[in-house]
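# Structural overview for review
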Amino acid sequence: MQKSLPSLSLLSLLLTLACAAQSAGAASVPAGVALAAKQEWVRSNGAEPETLDPALAESVGANQITRDLFEGLTATDTSGKTVPGVAESWKQVNPTTWVFTLRKGAQFSNGDPISAEDFVYGWRRYLDPKTASQYATTLAPFILNGMDVAEGKKPVTELGVKALTKDQLEVKTPFPVAFLLDLLANTQFAPIHKATIDKFGKDWTKPGNMVGNGAFMLKEWRVNSAVVLEKNSRYWDAKSVVLTKVSFLAIEDSNADVKMFQSGETDMVYVLPPGAYEQLKKSYPAEIKNGPMLGLRFYALNNKDPMMKDLRVRKALSMVIDRDVLASKVTADGQIPAYGVVIKGIAGADVTSYDWAKWPMDKRVAEAKKLLAEAGVRPGTKISFTYNTDQYHKKMAIFAASEWKTKLGLETEMDNLEFKVLIKKRHDGEFQIARHGWIADYNDATTFLTLVQCDSDANDNKNCNRKAEELINQGNQTLDPVKRKALLTEAARLVMEDYPMIPLLQYTLPRLLKSYVGGYFESNPMDHFRSKDFYIIKH
Amino acid sequence: MWKYTLRRVLATVPALLAVITICYLMLHATPGGPFDTERKVSAAVLANLQAKYHLELPLWQQYLYYLNSLLHGDLGASFRYADWSVNDLVAKALPVSLTIGGLSMLIAVALGVSLGIWAALRQNSAADYLLMLLGSVGSAVPSFVLGPVLVMVFAIWLPWLPSGGWSDHEVRFWVLPIALLTLINLSTVGRVMRGSLIEVMSSNFIRTARAKGLPMRIVVLRHAIRPALLPVVSVLGPLAISSITSAVVTETLFSIPGLGKLIVNGASNRDYTLVLGLVILVTLVAVLLNLLVDLAYAYLDPKIRY
């Protein structure tokens, strides 16, 4: 994915963006709010984290914890905004080169100072094939030689990161990465304490062994039960950290999660059970939260399938699904109807939609029928829909099948599979229509565009639009954010005119949070919270 | 007796090998692998991962590699939980399952046997009918219904106990899951004990004992209970195993870090080594329990000798 060098005219623009040290995005307790004597937060965190090693962490749950244990050059505040982390300031010396200056006094939880070399080690380790991080190729394309290093084609020493001095880190990107600062907030790019890994090997993430640099330290890890963190007094902004202890409970079953909230065992329900939102909203008006999230629910269409390769069929199938009814009556949890691959709130591109989205349903159905007739697909034709065993997906699938049956006369054969089997079939192209979902890895439209890009590992539709591809490449080369946004938006519009998939809904985060927990913002679309921003109100 | 025990223990080895081999092949034949996620892993990264877990080797070599590790007491690295070995995971989950499963079995046996005796001695009375009705309800109502009811009553309406979670040191976390498992097993033990005692009480040697003028209490305690316990002992083996392995519903309902949850998660994550490790453990427990049941037979029934 390495791109050509930027033009000289671009180089002449040499951006020198200096960023003065900003105030830390720590817990800001509003005036007049009395704090509880005991600052301990117990929260549900979904499934057991697969790891606490930031290089290996892939799941949302694991990253929720690593964000407390580690901090990169940048970080996110409670509203999801990127704020300085270990880096005090930075400047972009040319379109693809950045220099970060580390803050004085930043140290690991054992008191060792953090140097630029610790970042170099951490980044190289993350992308080293020996580390075998499943998440390596997600962020690797944005660091010079990242993909080649992750794929073992180049040594780790070739990675575009260098310690200029003890306090200065140079980062090179293969092309101008407009959202680099956001990207670096991921803890995969955190500094890592090499001596700890050398000493403990695989066991370095265990309580008592782990040395991190986040606002909290690992105190206890009971597998499938709880990860308990305590405040790191050596954290550079420790004075702003209000909580003294955070417990992340591993609660997979969302019904059990709600019950534990009701009985006062936890202060936060990670995500509500399907169909429970409306009732819980009435029961807990002060505790219910439901902000939009950067995630898209959609149905992948196998563009290589004999029937699905016809654009008219794909378009007809998409047109007749009433997203408004789906959102308001079927899922009924505040999710937002989606008509494009780019969703609300994501940076780097505008939301695109279809003309017919505003048409009355009768007109949409008439048009869809016409398209099917032109494609030679008659009423009664069988189509195959594959989804994984889950109450939520089942409800959506039944609705979609009923839309296709009642409006187009198509017979849907539902294939309910176990999750891994669905994934395998989808990756191998053994499907016609399949359930899919995608959560943004970083706040930029390109994370969603990978779903419809040619030769992308994330593209299960196997569609390809070379014109859109070119626009994305152009967008990635430009430094002008307005121009870049226009190019990516146009690319998204163009590729979606091919109807490679059926966008359905944008995720939201329906959850419950005790009213005495302060610091939560519903408008954090990446769901990248850090416990340093939270506090317990006297109650 | 010792020879018999040794013979049974040695017979475990081929049985275990067969279980491992069948399970190994079945796991690898299941579609979807440990590294299949929503985001398709690139070919190069997949190669890195496979190399890390020796999955790039031919299946028979992987199998031998696994057996070799096993002989050294190493159940391998977990594919899903990167920071833990299977030995670690089992060592953490086993005490939890043993606590819940063991205590609930003890209570269920003590209570079930007592209630069974009580009902048998009052056969066809109102108390007997009521008890057996409750027993039938206990057997018929599934744990995923009974569990939430217990939580609703004792954790939410009457906030006496935690609705979930686990602590090795705080008994209050144990109460509801143990109560649920006990209720499930209690009815089985009680019904079997009742039926068995009724049958024993109508046998000739009991009639003889009573004809000799022995008081009822002595007849029951000295002569009837031991033979009547045999069918109860027979069901204890399967019940005990299911208390550990099939406790997944209880573990999910109460968010308990036990073995049942690990097995289900291991299977759905295609965590080959974790599933195999747990299958080996469960097989060993099953063999051990069956052996104990057989030895208990010999103790309870003088006619049985090994």
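Just so it is clear, the structure is predicted and the values come from calculations on it, not from any experiment.

Before going further, it helps to examine the overall build of chain A. Helix and strand counts for chain A come out as 17 helices and 19 strands. For chain A, the C-alpha radius of gyration of 24 Å lies close to 24 Å, the compact-globule estimate for 539 residues. Referenced to the eigenvectors of the C-alpha coordinate spread, the extents of chain A come out at roughly 70 × 65 × 40 Å. Of all 539 residues assigned to chain A, the portion counted as buried reaches 63%. Restricting to contacts in chain A with at least 6 residues of sequence separation, those with at least 24 account for 70%. A total accessible area of about 20000 Å² is found for chain A, and carbon and sulfur atoms account for 52% of it.

With that settled, the discussion passes to the interface of chain A and chain B. Every contact between the two is made by 52 residues of chain A and, on the other side, 49 residues of chain B. Inspection of the region where chain A meets chain B yields seven salt bridges. Its salt-bridge partner being Glu418 of chain A, residue Arg270 of chain B comes within 2.4 Å of it at the nearest N-O pair. Linking chain A with chain B are 22 residue pairs in polar contact (both at pLDDT 80 or more), by the criterion used here. Of all the secondary-structure elements, those providing two or more residues to the side of chain A that touches chain B are helix H4 (136-139), strand S8 (216-222), helix H8 (254-262), helix H14 (419-427) and strand S16 (433-439) of chain A.

Here we come to the state of the cysteines. Cysteine pairs can be covalently joined through their sulfur atoms, and such a bond is termed a disulfide. Residue and element names in this part refer to chain A. One pass over the full model with this rule turns up one disulfide over all chains. The disulfide that involves Cys454 links it to Cys464, with 1.9 Å between the sulfurs. Taking the torsion about the S-S bond as the criterion, the Cys454 to Cys464 disulfide, at about 90°, is right-handed. Within this pair, whereas Cys454 is found in the loop between helix H15 (446-449) and helix H16 (466-477), its partner Cys464 is found in the loop between H15 and H16, the two being separated by 10 residues in sequence. Its relative accessible area of 4% is what places Cys454 among the buried residues.

End to end, H16 of chain A covers 17 Å across 12 residues, agreeing with the expected 16 Å (1.5 Å per residue, within 8%). Restricting attention to buried positions, one finds in H16 of chain A the residues Ala468, Glu469, Leu471, Ile472, Gly475, Asn476 and Gln477 of chain A.

Residues and elements named next belong to chain B. Orientation of helix H4 (residues 86-120) relative to helix H5 (residues 126-140), taken along the N-to-C sense of each, is 145°, at an axis distance of 9 Å. The way H4 lies across H5 gives a crossing that is left-handed. Between H4 and H5, the residues in contact are Leu115, Trp118 and Ala119 and Ala127, Asp128, Leu131 and Met132, respectively. Here the contact of H4 with H5 is built from residues that sort into six nonpolar, no polar and one charged.

Assignment of secondary structure puts Thr386 of chain A in strand S14 (residues 382-388). The residues touching Thr386 of chain A, leaving out its near neighbours within four places in the chain, are Asp415, Leu417, Leu422, Phe431, Ile433, Ala434 and Arg435 of chain A.

Let's shift gears to the pairing of S16 of chain A. All names here are of chain A. For S16, the tally of buried residues reaches six of seven residues, placing the bulk of the element in the interior. Alignment of strand S12 (residues 288-301) against S16, held across seven bridges, turns out to be antiparallel. The partner of Ala300 across the bridge, within S16, is Ala434. Pairing between S14 and S16: two bridges, direction parallel. Looking across to S16, one finds that Thr386 is bridged to Ala434.

In total, this model carries 30 aromatic pairs over all chains according to the counting rule given. Measuring from centroid to centroid gives 6.1 Å for Tyr24 of chain B and Tyr66 of chain B, while their planes differ by 40°, and the two rings are tilted. You can see Tyr24 of chain B sitting in helix H1 (residues 2-29) and its partner Tyr66 of chain B sitting in helix H3 (residues 59-71), a full 42 residues away along the chain. Here Phe154 of chain B and Trp160 of chain B contribute two aromatic rings whose centre-to-centre distance is 6.2 Å and whose plane-to-plane angle is 40°, an arrangement assigned as tilted. Among the residues examined, Trp160 of chain B registers a relative accessible area of 61% and is labelled exposed. Here the aromatic residues Trp41, Tyr520, Phe529 and Phe534 of chain A are joined through ring pairs into a cluster of three or more. Lying over the aromatic face of Trp236 of chain A, Arg103 of chain A brings its terminal NZ or CZ to 3.5 Å of the ring centre. The ring centre of Trp84 of chain B lies 4.2 Å from the NZ or CZ of Lys206 of chain A, which sits over that ring.

Right, let's get into the sheet that holds strand S6 (residues 161-163) of chain A. Residue and element names in this part refer to chain A. A sheet is described by the order of its strands in space; here four strands give the open sequence S4-S5-S7-S6, paired in antiparallel fashion. Bordering the open sheet on either side are strand S4 (87-94) and S6, each of which pairs with just one other strand. Adjacent strand axes in the sheet meet at a mean angle of 20° when their direction is disregarded. As defined by bridge partners, S4 adjoins strand S5 (residues 97-102) across six bridges and the pair is classed as antiparallel.

Residue and element names in this part refer to chain B. Mapped onto the secondary structure, Cys23 falls in helix H1. The sequence separation of Cys23 and His72 amounts to 49 residues, and the corresponding C-alpha distance is 20 Å. Not counting residues up to four positions away in its chain, the partners in contact with Cys23 are Val275, Leu276 and Val279.

Residues with a pLDDT of 70 or more make up 95% of chain A, whose mean pLDDT is 92. Between residues 1-26 of chain A, whose pLDDT stays under 50, and residues either more than four places distant or in other chains, the model counts 47 contacts.

What counts, and where the lines are drawn
- Residues numbered from 1 in each chain as written.
- Chains lettered and ligands numbered in written order.
- Predicted model: local features only at pLDDT ≥ 70, side-chain atom pairs only at ≥ 80, totals over all residues.
- Heavy atoms only, no water.
- Helix = DSSP H or I, 4+ residues; strand = E, 2+ residues; numbered from the N terminus.
- Rg over C-alpha atoms; globule rule 2.2 N^0.38 Å.
- Buried < 20%, exposed > 50% of the residue type's maximum accessible area, 1.4 Å probe, protein only.
- Contact = heavy atoms within 4.5 Å.
- Areas by Shrake-Rupley, 256 points an atom, 1.4 Å probe, with all protein chains shown as cover.
- Salt bridge = Lys/Arg side-chain N within 4 Å of Asp/Glu carboxyl O.
- Polar contact = N/O pair within 3.5 Å; in protein donor to acceptor, adjacent residues only side chain to side chain.
- Disulfide = S-S within 2.5 Å.
- Expected span 1.5 Å × (residues − 1).
- Axes fitted to C-alpha atoms, helices over the stretch in contact; angles between N-to-C directions.
- Left-handed = near helix turned anticlockwise from the far one by under 90°.
- Nonpolar A, V, L, I, M, F, W, Y, C, P; charged D, E, K, R; others polar.
- Pairing = 2+ DSSP bridges.
- Phe/Tyr/Trp six-rings, centres within 6.5 Å; stacked < 30°, edge-to-face > 60°.
- Lys NZ or Arg CZ within 6 Å of the ring centre and 35° of its normal.
- pLDDT = per-residue confidence, 0-100.

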